[in-house]
Amino acid sequence: MLPLCAAHAANTGNGAAGGSQAQERDYEQWYTGSLVSPSGALTQKGVFAWEPYFTYSTPTGFLDSGGHGRPIHDGMRGISNFTLYKYAITDSISVQTTPTISYGWRRHGDTTSGAKMGDLPVDLMWRYLNADPRHFIPALSIFAGVAFPTGDYRNLGRSEDGVGSGAYTFRLALTEQSTYVLPGHHALRLRIWGTWRRALGAARITNASSYGTTQGFRGAAHPGMYGESGFSLEYGISQKWVLAMDLARDWADGAYVHGHDAQCHLVRSTGDGSGDWMIAPAIEYNWSPRFGVIAGVSTLFAGHNTARVLCPQFAFNSVF
């Protein structure tokens, strides 16, 4: 599949409507949100948030089953646009979707068959505990949804062109957000999250696919479960400027593939599981409670059975 970054944020939160919290009524820290951490539900009915991300990804190596680094020669590079759309149905319930468009190429001119749209997730979010920063009570949210199999995954020119799973995928996440005031009147926002994904069925496969099959293959694949957990810190240098950092752990079980190849030989295989540790420092600038930008880079520093990918990225955050 195209070398997309290991995770994307689903952020909003410059001002109070976007989910920020303030311990002092006469001062409100403005945030864009860190690069990776997911945000909870919006806090005011009727608020709409829009946040496009632009990412460049380049492989820097491969981590084998023992976690040892291996070189990659002429790996696939890519650019992608990941855009968050979120709407507050009530003061505590929001709906969001995050379509992704990507394009990949190799250094020596070998490219994908054009810009591709990945699977489309749609989530319903509920903040079941409101924050009370004065008493150190965090905001707690849960979201559940489904990713629709809109991305190409079979009948590909080559397996690397795959951007989809071919199966409907159930999505579940828990998020925590809390804000503290440090000496010198600086705000510190903490987010902790855990996500879990499970395919609701099998993907029918023909020919080359996202699962590594080749021309002439006929069969099915059962995607493995996968998820992520992590935390982020955002430190307010001033009301407009914020330093952000994410630390996240990704994991994935291998997919089970069965069918017949072009020679009618029976194929049954289970892919190896993978995992990685990722860090993503960034800087935010918010010129109002409604608009801000963030720029940074995410990179893997440990893991197994996964590509090491360096991902510079930036995003524009807006709340209406």
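To be clear, the structure that these remarks concern was listed above.
What this report covers is the structure whose coordinates are included nearby. Since the structure is predicted, the reported quantities are computational estimates derived from the model, not experimental observations.

**A look at the overall build of the protein chain**
Secondary structure assignment for the protein chain yields zero helices and 19 strands. Taking all 320 residues of the protein chain together, the buried fraction comes to 49%. Across the protein chain, every contact between residues at least 6 apart in sequence was considered, and the portion connecting residues at least 24 apart equals 67%. For the protein chain, the exposed surface amounts to about 14200 Å²; the carbon and sulfur share of it is 62%.

**What about a nonpolar patch on the surface?**
Taken together, the side chains of F48, Y85, Y87, I89, L124 and F320 make up a nonpolar region of the molecular surface, amounting to roughly 540 Å² of accessible area. Topologically, I89 is positioned in the loop between strand 3 (77-88) and strand 4 (93-97).

**Some words on the pattern of salt bridges**
This structure, assessed with the given rule, holds four salt bridges. Between K116 and D152 there is a salt bridge, with the nearest N and O atoms lying 2.9 Å from each other. Highlighted residues: K116 in strand 6 (residues 116-117) and D152 in the loop between strand 8 (139-148) and strand 9 (169-182), separated in sequence by 36 residues.

**A short note on the pairing of strand 15 (residues 256-260)**
Of the two faces of strand 15, the one holding V257 and G259 is buried and the one holding Y256, H258 and H260 is not buried anywhere. Sheet analysis places strand 15 next to strand 16 (residues 266-270), joined by five bridges and oriented antiparallel. Note on strand 16: the bridge partner recorded for V257 is S269. Hairpin connection between strand 15 and strand 16: a loop of five residues separates the two successive antiparallel strands, and C264 in this loop has a positive phi of roughly 65°.

The rules behind each value
Residues numbered from 1 in each chain as written. Predicted model: local features only at pLDDT ≥ 70, side-chain atom pairs only at ≥ 80, totals over all residues. Heavy atoms only, no water. Helix = DSSP H or I, 4+ residues; strand = E, 2+ residues; numbered from the N terminus. Buried < 20%, exposed > 50% of the residue type's maximum accessible area, 1.4 Å probe, protein only. Contact = heavy atoms within 4.5 Å. Areas by Shrake-Rupley, 256 points an atom, 1.4 Å probe, with all protein chains shown as cover. Patch = residues over 30% accessible without salt bridge, like charges linked within 9 Å, V, L, I, M, F, W, Y side chains within 5 Å. Salt bridge = Lys/Arg side-chain N within 4 Å of Asp/Glu carboxyl O. Pairing = 2+ DSSP bridges.

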